[in-house]
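# Reading the structure
Spelled out from the first residue to the last, the chains are:
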Amino acid sequence: MNIFKDLFNIVKEEIEHLSGAGELPGGLDLAGVLVEPPRDPSHGDMATNAAMVLAKRAGKAPRDIATLLAGRLGARDGIAAVDVAGPGFINLRLSPAYWQTALARIIASGERYGAFDLGKGQKVNVEYVSANPTGPLHVGHARGTVFGDVLAALLERMGYVVTREYYVNDAGAQVDTLARSVYQRYLEALGRELGPDAFDEGYPGDYLVPVGQALAREHGEKFADAPESEWFETFRAFAVESMLSLIRDDLDALGVHHDLFSSEKKLVEDGQVQNTFIDFQSRDLIYEGVLEPPKGKPPPDDWEPRPQNLFRATSFGDEVDRPLKKSDGSWTYFATDIAYHRDKFERGFHDMIDVWGADHGGYVKRMKAAVSAVSSDKAKLDVKLCNMVKLTQGGKPVAMSKRSGQFVTLRDVVDEVGKDVVRFIMLTRKNDAPLEFDLARVVEQSKDNPVFYVQYAHARIRSVLRRAEAEMPGLVAGDFPANVNLSVLTDAAELDLIKSMCGWPRAIDSAVSSHEPHRLAFYLQELAAAFHLLWNKGNEDHALRFIIAENDQVTAARLALIGAVAQVISLGLGIFAVQPVEEMR
RNA sequence: GCGCCCGUAGCUCAGUAGGAUAGAGCACCAGAUUCCUAAUCUGGGGGUCGCAGGUUCGAAUCCUGCCGGGCGCGCCA
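Owing to the predicted nature of the structure, the values given are computational and were not obtained by experimental measurement. (Residues numbered from 1 in each chain as written. Chains lettered and ligands numbered in written order. Predicted model: local features only at pLDDT ≥ 70, side-chain atom pairs only at ≥ 80, totals over all residues. Heavy atoms only, no water.)

## Re the overall build of chain A
As a reminder of what qualifies: Helical segments are the DSSP runs of H or I of at least four residues, strand segments are the runs of E of at least two, and each set is numbered from the N terminus. Throughout, exposure labels follow a simple rule: accessible area from a 1.4 Å probe, protein chains only, divided by the maximum for the residue type, with under 20% read as buried, over 50% as exposed, and the rest as partly exposed. Working rule for contacts: check all heavy atoms of both residues, and any pair within 4.5 Å makes them a contact. In short, Shrake-Rupley with a 1.4 Å probe defines the accessible areas, and a residue's cover is counted only from the protein chains shown. Under the counting rule used here, the positive set is Lys and Arg, the negative set is Asp and Glu, and His together with the chain ends is not counted. A charged residue contributes its charge at one atom only: NZ of Lys, CZ of Arg, CG of Asp or CD of Glu.
A tally of helices and strands in chain A yields 19 helices and 15 strands. Overall, the C-alpha framework of chain A stretches about 90 × 65 × 40 Å when taken along its three principal axes. The buried share of chain A, reckoned over its 585 residues, is 50%. Long-range contacts, defined here as pairs at least 24 residues apart, represent 74% of the contacts in chain A between residues at least 6 apart. Accessible surface, chain A as shown: approximately 26900 Å² in total, 49% of it carbon and sulfur. In chain A, the 65 positive side-chain charges and the 83 negative ones have mean positions that sit 4 Å from each other.

## Remarks on the side chain of S375
Put simply, the test is: For the purposes of these results, a polar contact is taken to be a pair of N or O atoms within 3.5 Å, where, inside protein, one atom must be able to donate a hydrogen and its partner to accept one; residues adjacent in sequence count only when each atom of the pair is a side-chain atom.
Assignment of secondary structure puts S375 in helix α12 (residues 364–375). Judged by its relative accessible area of 1%, S375 is buried. Of note is the side chain of S375, whose polar atom sits 2.9 Å from the backbone nitrogen of A379.

## Some details on the packing of helix α16 (residues 492–502) against helix α18 (residues 518–540)
Heads up, the rule is: In this analysis, axes come from line fits to C-alpha atoms, helices being fitted only over the stretch in contact, and the angle between any two N-to-C directions falls in the range 0 to 180 degrees. Reported orientations rely on four angle classes, namely roughly parallel under 35 degrees, roughly antiparallel over 145, roughly perpendicular from 65 to 115, and oblique for the rest. Note on convention: the crossing is left-handed when the near helix lies turned anticlockwise from the far helix by less than a right angle, right-handed when the turn is clockwise.
Between α16 and α18, the least distance of the axes is 9 Å, while the angle of their chain directions is 165°. Considering the angle they form, α16 stands roughly antiparallel to α18. Handedness of the crossing formed by α16 with α18: left-handed. Here A493, E494, L497, S500 and M501 of α16 lie close against α18, whose contacting residues are Y523, E526, L527, A530, F531, L533, L534 and K537.

## Focus: the protein's contact with RNA strand B
Quick note on the threshold: Nearness of a residue to a molecule or strand requires only that one of the residue's heavy atoms be within 4 Å of it. Only Asp, Glu, Lys and Arg are considered charged, only Ala, Val, Leu, Ile, Met, Phe, Trp, Tyr, Cys and Pro nonpolar, and every remaining residue, Gly among them, polar.
RNA strand B sits among 71 residues. The nearest are Q445, Y453, Y456, H542 and R545. Backbone sugar and phosphate groups make up 57% of those atoms of RNA strand B lying within 4 Å of the protein. Side-chain polar atom of Y453 to a phosphate oxygen of RNA strand B: 2.3 Å apart, as the coordinates give it. At 3.3 Å from a base nitrogen of RNA strand B is found a main-chain nitrogen or oxygen belonging to N539. For the surface near RNA strand B, the secondary structure elements donating two or more residues are α2 (50–58), β4 (89–94), α6 (173–189), α15 (450–471) and α18. Among the elements that take part in the surface near RNA strand B, α18 stands out by supplying 9 residues, more than any other. The class makeup of the residues in the surface near RNA strand B is 26 nonpolar, 21 polar and 24 charged.

## As for empty space enclosed by the protein
Threshold: Each cavity reported here is a set of points on a 1 Å grid over the protein atoms alone in which a 1.4 Å probe fits but cannot get out, each pocket an open set with protein on both sides within 12 Å along at least five of seven lines, and each lining residue one with an atom within 4 Å of a point. Grid points are joined across faces, edges and corners, and a volume is the space filled by probe spheres set on the points.
By the definition in use, this model includes 1 cavity of 30 Å³ or more. Quantified by volume, the largest cavity comes out at close to 40 Å³. Looking at the lining of the largest cavity, the elements that each hand over two or more residues are α10 (272–282) and α11 (333–346). Broken down by element, the lining of the largest cavity gets its largest block of residues, 4 residues, from α10. Partitioning the lining of the largest cavity into residue classes produces 7 nonpolar, 1 polar and no charged.

## A few points about the sheet that holds strand β5 (residues 123–127)
We apply this condition: If DSSP finds at least two bridges between two strands, the strands pair.
If you trace the 5 strands from one edge of the open sheet to the other, you get β7-β6-β5-β11-β12, paired in parallel fashion. Both outer strands of the open sheet, β7 (260–263) and β12 (380–386), are each paired with one neighbouring strand and no more. Each adjacent strand pair in this sheet contributes to an overall mean axis angle of 25°, direction not counted. Alignment of strand β6 (residues 161–168) against β7, held across 4 bridges, turns out to be parallel. In the sheet register, V168 faces β7, and the bridge partner there is S263.

## Here's the deal with unusual backbone geometry
Leave glycine aside and you will find that most residues have negative phi; peptide bonds, for their part, are mostly trans. Positive phi is not limited to glycine here, since E201 has a value of about 60°. Within the fold, E201 resides in the loop between α6 and α7 (209–219). For H515, which is not glycine, the phi torsion reads 55° and is therefore positive.

## Focus on the nonpolar core
We count it as follows: The nonpolar core is taken to be a set of buried Ala, Val, Leu, Ile, Met, Phe, Trp, Tyr and Cys residues, with the residues joined through side-chain atoms within 4.5 Å.
Formed by 152 residues in total, the largest nonpolar core has its most connected members in F437 and F576. If near-sequence neighbours (up to four positions away) are discounted, F576 is found in contact with V150, R423, F424, L427, P517, L520, A521 and L524.

## Thoughts on the packing of α7 against helix α8 (residues 228–253)
Two elements in contact, α7 and α8, have axes separated by 11 Å at closest approach and are oriented at 135°. Here α7 lies oblique to α8, going by the angle between them. Relative to α8, the crossing made by α7 is right-handed. In this structure, α7 uses V211, A214, L215 and H219 to contact α8, whose residues at the interface are T234, F235, F238, A239, S242 and M243.

## Here's the deal with the domain arrangement of chain A
Put simply, the rule is: The split into domains, and so the bounds of each, comes from an automatic or database assignment of domains. By convention, the term buried area covers the 1.4 Å-probe accessible surface removed from two parts as they join, with the contributions of both added. By convention in these notes, a salt bridge is any Lys or Arg side-chain nitrogen within 4 Å of a carboxyl oxygen on Asp or Glu.
For chain A, the assigned domains read domain 1 (3–94), domain 2 (123–167 + 258–386), domain 3 (173–253) and domain 4 (450–575). Opposite the 11 residues of domain 2 that make contact, domain 4 presents 10 residues. Interface of domain 2 and domain 4: buried area, both sides summed, is about 1000 Å²; carbon and sulfur atoms make up 77% of it. Together, L154, R157 and M158 form the three largest contributors to the area buried by domain 2 at its contact with domain 4, with a combined 48%. There are 0 salt bridges connecting domain 2 and domain 4. At the junction of domain 2 and domain 4, the tally comes to 3 residue pairs in polar contact (both at pLDDT 80 or more). Looking at the side of domain 2 that touches domain 4, the elements with two or more residues in it are α5 (139–157) and β12. Here the residues of the side of domain 2 that touches domain 4 sort into 8 nonpolar, no polar and 3 charged.

## Some words on the pattern of salt bridges
If you walk through the whole model with that rule in mind, you get 37 salt bridges. With a closest N to O distance of 3.1 Å, R164 and E156 form a salt bridge. Here D225 ties to R192 by a salt bridge, and the two come within 3.3 Å at their closest N and O atoms. Residue D225 is located in the loop between α7 and α8, and its partner R192 is located in the loop between α6 and α7; the two are separated by 33 residues in the primary sequence. Overall, D225 belongs to the exposed group, its relative accessible area being 65%. For R192, a relative accessible area of 30% puts it in the partly exposed group. A single salt-bridge network, built from bridges that share partners, covers E13, E14, R72 and R76.

Here is the structure:
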């Protein structure tokens with residue numbers, strides 16, 4: 001059920017008819033022909049640019065084509081009026097019966113409304129969160145976490161087979177630092193005095209205290225005076241495992257569950273990075289060269305030109321060729337990440353989406369270049385950058401400092417306002433725009449708060465349905481709402497509400513094809529607004545109230561109408577994994 | 001210096017696979033409640049879509065150049 005596609009097909013049929021009749025050339029390319037609601041509602045319910053798009057291809061003036069086409073379209077069922085406007089727009093006005101039928105079809109679609117098999121079973125890999133396993137998640141992580149999770153759900157609903165993946169950076173210097181910080185906590189747990197510089201360049205957060213204590217319980221004094229080489233591996237492994245478990249708990253609190261955690265360390269140990277390197281060598285994608293220092297910026301203190309193995313990233317659209325090994329011979333982060341994406345490709349993913357923080361923006365080109373290289377251009381990578389979250393409380397910034405180890409954790413925020421609120425608010429801005437998250441405002445019960453506004457519409461509908469059941473028993477029983485006569489829905493506000501619901505497949509389509517789930521949040525706010533409007537008309541004019549005690553037929557039709565609205569809201573919230581509320585008192 | 005992102009109403013932001021007179025919320029002003037939740041709704045004022053060119057039937061949207069802001073720029077991830 002998608003009225004835009006239906007109407008497009010009608011336009012297409014009539015163009016073909018005109019071709020058949022010799023009025024237009026045959027075999028016209030319809031690319032670019034759109035049927036969409038005009039920006040200005042006074043132009044009608046729907047408009048098509050067909051005449052203007054086809055003018056050149058058909059060798060006729062746009063207004064002439066429009067007039068021909070308008071004559072045909074006016075005879076079609078459901079189209080009440082047609083007019084040609086401006087440079088050649090064809091505006092369509094649809095009859096109440098058309099909208100009533102549309103509502104019946106929305107109701108019949110049920111939970112499948114708006115879903116269609118766009119993906120056709122194609123595999124998509126969505127990598128998100130991928131925070132370093134060095135501590136709990138903070139609020140900033142929530143953005144990409146929710147974004148990735150909802151995008152995955154959206155793709156799944158549209159027929160893709162989605163794998164949700166978390167890349168664990170457990171091989172670099174940061175987890176080495178983590179191990180040393182944990183060692184300090186271990187000493188502390190044994191009653192040793194910590195030096196003032198114990199956590200210099202390390203992780204001073206309290207969350208490592210229990211990790212040190214657990215190691216003290218298990219190993220006692222065994223490693224207290226031992227050289228680093230004796231305890232390092234043990235401590236690092238334990239620390240990483242502890243942090244991952246912490247992170248999994250945080251994700252769980254947000255309702256996020258990945259299908260796969262991929263370990264960077266394992267990738268290295270299994271030789272996959274080495275294999276990638278050899279593969280590149282064999283394809284002449286690696287050469288010995290010297291990298292120039294970055295221009296316009298003082299070079300790093302220890303800069304020295306050094307011949308090294310460089311990956312020909314510039315052959316795949318990057319700006320410079322990139323080193324894969326550090327001077328100590330270990331792999332760069334980029335090298336392991338290439339191997340990781342190669343691994344994804346070999347697992348059958350030709351469609352990859354990475355969700356990163358905006359501060360990694362400078363990394364996009366080289367990663368896309370890498371994916372091109374490892375897949376010989378068979379796979380494509382879309383990188384979605386999530387901008388920062390500004391946490392505020394009543395408009396005042398909440399201080400966050402990672403260095404001091406005092407930062408607001410994701411868990412703190414979820415505990416304070418609830419996971420549903422966090423999930424919804426994170427999608428109320430486009431991913432690449434900064435987002436303000438105000439702890440006070442997001443729990444406010446007012447129109448300022450989009451979560452509330454949408455939830456309130458749902459709660460109001462559920463409340464009306466409950467009351468109707470109590471006051472007019474039997475009305476919503478049996479075949480309801482399939483058996484309802486919807487032709488009594490004729491008020492402009494009622495029809496507007498149906499029109500708004502007809503926009504759902506369009507909203508979901510644009511959200512999935514642009515990989516921008518925030519569009520659904522905006523849609524839901526618009527749908528809620530159309531509903532609240534109708535509700536208030538009932539306050540002014542009793543004849544428009546949903547429950548008319550002495551008129552079963554009208555009541556049933558209106559209940560079917562708002563029941564469908566509740567259904568669409570709950571579908572939208574369902575993609576967000578937000579629970580629609582039954583009442584708000 | 002180079003690359004990426006951004007610049008839309010007083011504020012916060014939608015809208016950018018080109019569509020008609022550019023939207024919403026907040027704030028401001030004026031209204032609506034014997035009645036399904038006024039936690040809502042209605043109306044009003046408010047704009048050189050950063051600037052300047054270009055592409056065409058048509059540009060906030062595409063191209064070029066500037067201006068302004070953010071992020072990034074071997075051996076962190």
